[in-house]
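One letter stands for each residue in the lines below.
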Amino acid sequence: MKKVLLVATSVALFSFAAEKFITMRIPEPTVNYHWNNLNNIKAIADQSNLPHAQVKFIIASIDSLQKDMAKNARLDSTVAPSTPAAVQKKK
């Protein structure tokens, strides 16, 4: 019986562990600038003399970052454009 309670308690405690999310507020022109820079880096890497495996890794890493950015991006029209970029933790 004690083992069952111990296991149940452990499962209950671990079930409350959640991922932490970080929300960054960045003006749209800044995001577009960095997005274009990432595309330029991919093009440069593709035309470089680096080994094929390294180029594939660079491009896959950038693609993964861009996919996550596009998937999680939200337009916040309530923020004035003059507001400085801030990092906030989401509860």
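Note that the coordinates shown come from a computational prediction; the quantities given were computed from them, not determined experimentally.

*Asks:* Kindly report on helix H2 (residues 28-47), identifying the contributing residues and their values.
*Replies:* Helix length check: H2, at 20 residues, gives a terminal C-alpha distance of 29 Å against a target of 28 Å (1.5 Å per residue), a fit within 8%. Of all the residues in H2, the buried ones are Leu-38, Lys-42 and Ala-45. Summarising the axial view, the buried residues of H2 lie within an arc of 70°, below the 170-degree limit, and thus occupy one face. With respect to the buried face of H2, the exposed residues turned more than 90 degrees away are Pro-29, Tyr-33, Ile-44 and Gln-47. Residues of H2 that are buried in the fold lie against helix H3 (52-72).

*Asks:* Could you give an account of H3, naming the residues involved and the relevant values?
*Replies:* Within an α-helix, residues lying three or four positions from one another point in the same direction, as the helix has 3.6 residues per turn. With 21 residues, H3 should reach 30 Å at 1.5 Å per residue; the first-to-last C-alpha distance of 30 Å fits that figure. Residues of H3 that are buried include every one of Val-55, Ile-62 and Gln-66, and no others. Buried positions in H3, seen along its axis, are confined to an arc of 45° and lie on one side of it. Across from the buried face of H3, at angles greater than 90 degrees, the exposed residues are Ala-53, Lys-56, Phe-57, Lys-67 and Lys-71. Residues of H3 that are buried make contact with H2.

*Asks:* A description of the pattern of salt bridges should follow, citing residues and the corresponding values.
*Replies:* Under the definition given, this model contains 1 salt bridge. Put simply, Lys-42 and Asp-63 hold a salt bridge, and the shortest N to O gap is 2.6 Å. A residue pair is termed long-range when its members are at least 10 positions apart, and Lys-42 in helix H2 and Asp-63 in helix H3 qualify at 21 residues. With relative accessibility at 17%, the residue Lys-42 sits in the buried group.

*Asks:* An account of the confidence of the model for the protein is requested, with residue identities and associated values reported.
*Replies:* Residue-level pLDDT values for the protein average 78, and 75% of them are 70 or greater. Per-residue pLDDT, averaged within each element of the protein, yields its smallest value for strand E2 (residues 86-90) (47) and its largest for H2 (91). Low pLDDT (under 50) marks residues 83-91, which in the prediction has 14 contacts with non-local residues, meaning those over four places away or in another chain.

*Asks:* Outline a nonpolar patch on the surface, listing residues and values.
*Replies:* Taken together, the side chains of Ile-22, Met-24, Ile-26 and Val-31 present a nonpolar region at the surface, about 370 Å² in accessible area. Tracing the chain through its elements places Met-24 in strand E1 (residues 21-25).

*Asks:* Can you break down the environment of Ala-60 residue by residue, with the values?
*Replies:* Within the element layout of this structure, Ala-60 appears in helix H3. Relative accessible area serves as the criterion here: at 46%, Ala-60 is assigned to the partly exposed category. Between the C-alpha atom of Ala-60 and that of Lys-42, which follows or precedes it by 18 residues, the distance is 9.2 Å.

Cut-offs used in this document
Residues numbered from 1 in each chain as written. Predicted model: local features only at pLDDT ≥ 70, side-chain atom pairs only at ≥ 80, totals over all residues. Heavy atoms only, no water. Helix = DSSP H or I, 4+ residues; strand = E, 2+ residues; numbered from the N terminus. Expected span 1.5 Å × (residues − 1). Buried < 20%, exposed > 50% of the residue type's maximum accessible area, 1.4 Å probe, protein only. Arc of directions from axis to C-beta. Contact = heavy atoms within 4.5 Å. Salt bridge = Lys/Arg side-chain N within 4 Å of Asp/Glu carboxyl O. pLDDT = per-residue confidence, 0-100. Patch = residues over 30% accessible without salt bridge, like charges linked within 9 Å, V, L, I, M, F, W, Y side chains within 5 Å. Areas by Shrake-Rupley, 256 points an atom, 1.4 Å probe, with all protein chains shown as cover.

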